[in-house]
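# Descriptive structure summary
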There are 2 protein chains.
Amino acid sequence: MGRWQPNAPQRLVLAALDLFAERGYESTTVVEIAERAGLTRSTFFRHFPDKREVLFGADTMTGLLVEGIAAAPADAAPLQAVAYALDAIGTQAFTPARREFVARRRAVIAANPELQEREALKAVGLTASMIDALKRRGVSDLTARVASQLGSLAWKIAYDRWIDAPGGEDFGEIARRTLGELQAASASC
Amino acid sequence: MGRWQPNAPQRLVLAALDLFAERGYESTTVVEIAERAGLTRSTFFRHFPDKREVLFGADTMTGLLVEGIAAAPADAAPLQAVAYALDAIGTQAFTPARREFVARRRAVIAANPELQEREALKAVGLTASMIDALKRRGVSDLTARVASQLGSLAWKIAYDRWIDAPGGEDFGEIARRTLGELQAASASC
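Residues numbered from 1 in each chain as written. Chains lettered and ligands numbered in written order. Predicted model: local features only at pLDDT ≥ 70, side-chain atom pairs only at ≥ 80, totals over all residues.

### Quick word on the relation of the copies chain A and chain B
Rotating chain A by 180° and translating it 0.0 Å along the rotation axis places it on chain B, where the RMSD comes to 0.0 Å. Look at the turn and shift together and you get a two-fold axis relating the two. Most of the interface of chain A is mirrored in chain B: 100% of its interface residues are interface residues there too. (Least-squares fit on C-alpha atoms with pLDDT ≥ 70 in both. Contact = placed C-beta atoms within 7 Å.)

### Overview of the environment of G24 of chain B
All names here are of chain B. For G24, the location among the structural elements is in the loop between α1 (8–23) and α2 (30–36). The exposed category is assigned to G24, around which 12 C-beta atoms lie within 10 Å. For the pair G24 and Q149, spaced 125 residues apart in sequence, the C-alpha to C-alpha distance is 32 Å. (Helix = DSSP H or I, 4+ residues; strand = E, 2+ residues; numbered from the N terminus. Buried ≥ 20, exposed ≤ 12 C-beta atoms within 10 Å, placed from the backbone.)

### Regarding the interface of chain A and chain B
Each side of the interface is counted separately: chain A has 23 residues, and chain B has 23 residues. Taken together, the elements giving at least two residues each to the side of chain A that touches chain B come down to α5 (78–92), α7 (113–135), α8 (141–164) and α9 (171–187) of chain A. Considering every element that reaches the side of chain A that touches chain B, the biggest residue donor is α8 of chain A, with 8 residues. The residue inventory of the side of chain A that touches chain B, partitioned by class, reads 15 nonpolar, 5 polar and 3 charged. (Nonpolar A, V, L, I, M, F, W, Y, C, P; charged D, E, K, R; others polar.)

### Observations concerning the confidence of the model for chain A
In the predicted model, chain A carries a mean pLDDT of 91, and 96% of its residues have values of at least 70. Listed scores for the predicted complex are pTM 0.85 and ipTM 0.83. (pLDDT = per-residue confidence, 0-100.)

### What to know about the domain arrangement of chain A
Residue and element names in this part refer to chain A. Assigned domains of chain A: these are domain 1 (8–55) and domain 2 (60–187). Between the C-alpha centres of domain 1 and domain 2 there is a distance of 27 Å. Across the boundary between the two partners, domain 1 contributes 6 residues, which contact 9 residues of domain 2. Residue classes in the side of domain 1 that touches domain 2 are distributed as 5 nonpolar, no polar and 1 charged. (Domains from an automatic or database assignment.)

### So, helix α9 (residues 171–187) of chain B
The first and last C-alpha atoms of α9 of chain B sit 24 Å apart over 17 residues, in line with the 24 Å expected at 1.5 Å per residue. Of all the residues in α9 of chain B, the buried ones are F171, G172, I174, A175, R176, T178, L179, L182, A185 and S186 of chain B. On the buried face of α9 of chain B, the contacting elements are α8 and α9 of chain A together with α5 (78–92) and α8 (141–164) of chain B. (Expected span 1.5 Å × (residues − 1).)

Take a look at the structure:
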């Protein structure tokens, strides 16, 4: 109904991050988020189903991972294909320009158990997407599961390392190195 | 306040399983669960915080895993210690007598996305407990994370295999074999 609002989702996400950091996730309402963004409540609900999803919307990550795995060379080993997926995240989602934003998002999530639950579930969904993408390459079920778990773990560790990295190293580089460390660790289990 | 009710938690869990299977999780109320168990609403809330937790209560699994890892021989490799934990689950939780109950619980969870979310979060918590238990044995952070992810995956796969096993093989045996397969798969990633 309402007229088109340029960048409405991004403005809502940034407004939500500000308010969650200022007064806490629980004490912030959808109306307040919309007002801070200079938008209406109904515009909020056109983009997000509820307050929690404002930090977890738009499943670009799943798409990037699945496309990254599909785009890996045909002869790439499962973990190499996963590395391609993590590279795609680095070049298209976790870019240097987004580092500060991602760091703020992480801080807000760390302060709220409900958001941490949502983040954990999101990781389960991303792992399932990687398993499917690997199986479409002909990887066996068990190997696809193991490679996806290692990839998901590499993601999580690299995410923290990237945000905290003083030198501003690329996410993709950090993720590849982390994946190598996890592969070595799995050999010494 | 109310008098002590013998086996109240078990009776409530069984009543809930029956009702969830009969009429669905959404359509069942706490009062109905209590009535079916021959107990009161307040007895229900003395044992469980809400309807969902009736299938996820009493954190015996975490205790068994942590104790199993701690009880492994001092020279056991990380994945061997995890195998001890899975053995403990087999001898003390997933016993042959409980197989039918666990199968019914699995069917109810498979039919409801909210319960699946809860199950996924529970798995995240169990993995975190294993990581802590391994680190207390002096295992490095990365290796503890990898071993716990493989252990968690072995648990999940072995759980399905155990319920579906025609011969009634022990959970512990199935879990050990599964862990070996995952270790081999991780070497070929």
